[in-house]
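# Coordinate analysis (summary)
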Amino acid sequence: MLKMSARTLIYVIVGVCVLLLTGNVIVNSMGEEALVTVLRAHVTKEIPNAYNDTSDEMTAPEIKESNINIEEGVWGGKEDFKFHVYDIPDKYITGAFSRLEENWHKSVCNRDSKRKTNYTMLDWRHAHSLFTVDVFMAKYLRFHPRHTKDPEKADVFIIPTMTHLLNCAGKMDWLPKILRWVESHPGNYYKKYHSHDHFIFWWRWGMNYKGTQGFFAHLSRSFPNINYISYEFLELMGRNKYQDFSLSLKPNFHKSMMGIVMPYPDFSPNLKEIVPPTQVRDISAFMTGTSTIGGIRRWIKKSFDANNSTDFRTLYLDFASDVVDTKRLGVPVSYPEWFKKSVFCVHAAGDGLSGRRPTTAILAGCIPVMVCDLCLYPYENLLDYSEFAIFVNERDVLDGRLVEILRSIPQETITSMRANLLKIRHHFVYPTDGPPTPGDALDTLVEQLSHRADILRSYKRWFLLHPELSTDQRDYPRDPPLVNKYKIDEANAR
């Protein structure tokens, strides 16, 4: 009898179901490997060898011990959980890719005449490749086994918008068109729970553009309670209004409680190979980035320069000279190697709070050092960051204690953290060539959506009891009328 792994068996079952539904039944004597290859190619609509069947992220035995208990071959999300990705016209998905290619030579994302690239933001060598989570969501999330094509069965809904790609393609005007398509969708599902069960990916790039402001006006009008999937939430709460991020965090905290923070992707080829946790590393503490951006970075650089020594080597590599330097649009080919050579890799806010460095560090087996008091990090409700990352208060950095703190960490703690990085690594890997796999970044997103659905289920019966009542505070008087509909008229009660 043919033996199959749990992962392979899932691919076969899902693939056969897809083929049966579409009328493409394969019945022949092909072997297991050939059958799985054909099924996978059918689902992804890619060439058969485009999907990496021997991904290191899924074959390392340590990965089975994930903190969120996603075992090998077991998908994220409860078995009865279902989500629906709106099947928007293909023009807004594959058509957007075509427009990106056509307009790349004049794109705002390819603006330096001296350094124009022939490859787009979808290539890992371009700095904007880190803004592609919504691309993977739009292309592959609907192939997850918890996805349903029937919106009546869905617990939550996702509106697929590739915001940064549309910005680079010069088609930001497509965003409100996508919203209008959802509004015209039969069933008006976005109205049922006043968009509380709807999610959309958004990031700050382009928020100063007139078209984007119009999109947000439309979004807040038609989807006032929509939930965001993003890299962080402070950017959404008031980046253009507040200079001090803390002014927008706590007063608006309730607005982000249903939101989901996702990791930046880093699909550099040099990060695909898993680095053994016992590998000797030459650099004790490392950071790269433009030191003149973000304030705290220059203090990290100052600390590294002042405390570099033979027994604790520190290195800060400036990415560019300032925030407008177009060198920031490129990614040095050698940068993953610096992470792979380092024990500690520091992340600190630049022109935005979040960044790709924690993902790069995790994939490279380098212990992330988080210097960002106001940052929210991916999966903090699922992963215990204290087991594989170091948090340093910004005040300690300003006081010049960063290197002192890192030097004080015991070797046994370092050894344990480096081993733990292997256990959670796969949650930060995105499927770039095919559907999600158990425990990867998109599958962990589904796990998060399932948790949000549990919260929504607590309120759905109550919410539907009086559908005529508005969820907009502006529709209610500031001072409620002094009327008690349950008051008993004692005279008539006798």
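Scope of this entry: the structure provided in the associated data block.

Each value, and the rule that gives it
- Per chain, the residues get numbers from 1 upward, laid out in the order the sequence is written.
- Totals for whole chains, interfaces and linings use every residue, but because this is a predicted model, local features are given only for residues with pLDDT of at least 70 and side-chain atom pairs only at 80 or more, for both listing and counting.
- With hydrogens and water set aside, each side-chain value is computed from the structure's full complement of heavy atoms.
- Every helix listed is a DSSP run of H or I at least four residues long, and every strand listed is a run of E at least two residues long, numbered separately from the N terminus.
- Each residue is placed in one exposure class: buried if its accessible area under a 1.4 Å probe, protein chains only, is under 20% of its type's maximum, exposed if it is over 50%, and partly exposed if it falls in between.
- In this description, contact between two residues means that some pair of their heavy atoms is separated by no more than 4.5 Å.
- To be clear on the numbers: accessible area is Shrake-Rupley with a 1.4 Å probe, and residue cover counts the displayed protein chains and nothing else.
- Cysteine sulfur pairs qualify as disulfides if the two atoms are within 2.5 Å.
- Strand pairing is assigned whenever DSSP detects at least two bridges linking the two strands.
- We define a salt bridge as a side-chain nitrogen of Lys or Arg found within 4 Å of a carboxyl oxygen belonging to Asp or Glu.
- Aromatic rings from Phe, Tyr and Trp, taking only the six-membered ring of Trp, are treated as a pair when their centres fall within 6.5 Å; an angle between ring planes under 30 degrees marks them as stacked, one over 60 as edge-to-face, and anything in between as tilted.

## Notes on the overall build of the chain
When helices and strands are tallied, the chain shows 20 helices and 10 strands. Burial statistics for the chain: of 494 residues in total, 53% are counted as buried. Contacts in the chain between residues far apart in sequence, at least 24 positions, make up 75% of those at least 6 positions apart. As displayed, the chain offers around 24,500 Å² of accessible surface, 53% of which is attributable to carbon and sulfur atoms.

## Considering the state of the cysteines
Tallied over the entire structure, the rule returns 3 disulfides. Covalently, cysteine 372 is tied to cysteine 375 through a disulfide, its sulfur atoms 2.1 Å apart. Residues cysteine 372 and cysteine 375 are joined through a disulfide that is right-handed, its torsion about the S-S bond being 75°. Comparing cysteine 372 with cysteine 375 shows no difference in burial state: the two are buried. What connects to what in the chain, once the bonded cysteines are numbered by sequence position, is 1-2, 3-4, 5-6.

## Examining the sheet that holds strand 3 (residues 198-201)
Strand order in this open sheet of 5 strands is 1-2-3-4-5, and the pairing throughout is parallel. Edge strands, defined here as strands with exactly one partner in the open sheet, are strand 1 (83-85) and strand 5 (260-261). Pairing of strand 4 (residues 227-230) with strand 5 involves 2 bridges; the strand directions are parallel. Residue pairing across strands places serine 230 opposite valine 261, the latter belonging to strand 5.

## A short note on the pairing of strand 8 (residues 342-348)
Where burial is concerned, most of strand 8 is hidden: 7 out of the 7 residues are buried. Taken together, the 3 bridges between strand 6 (residues 283-288) and strand 8 define a ladder with parallel strand orientation. Across the sheet, alanine 285 pairs through a bridge with phenylalanine 344, a residue of strand 8. Here 5 bridges tie strand 8 to strand 9 (residues 367-371), and the two strands are oriented parallel to one another. The residue bridging histidine 347 from the neighbouring strand is methionine 370, located in strand 9.

## Some remarks on the pattern of salt bridges
By the definition in use, this model includes 16 salt bridges. Linking glutamate 102 and arginine 99 is a salt bridge whose minimum nitrogen-to-oxygen distance equals 3.9 Å. You can see glutamate 102 and its partner arginine 99 sitting in helix 4 (residues 94-103), 3 residues apart, about one turn around the helix. Judged by relative accessible area, glutamate 102 falls into the partly exposed class, the value being 48%. Residue aspartate 305 pairs with lysine 301 through a salt bridge whose shortest N-O separation is 3.6 Å.

## What to know about the packing of aromatic side chains
Pairs of aromatic rings are described using the distance from one ring centre to the other and the angle between the two planes. Taken as a whole, this structure holds 27 aromatic pairs when the rule is applied. Between phenylalanine 131 and tyrosine 231 the ring centres are 6.4 Å apart and the planes differ by 55°, which places this aromatic pair in the tilted class. Linking phenylalanine 131 in the loop between helix 4 and helix 5 (133-140) with tyrosine 231 in the loop between strand 4 and helix 10 (234-238), this pair joins segments that are 100 residues apart in sequence. The pair formed by phenylalanine 131 and tyrosine 231 is uniform in burial state, with each residue classed as buried. These aromatic residues form a ring-pair network of at least three members: Tyr86, Phe157, Trp181 and Tyr189.

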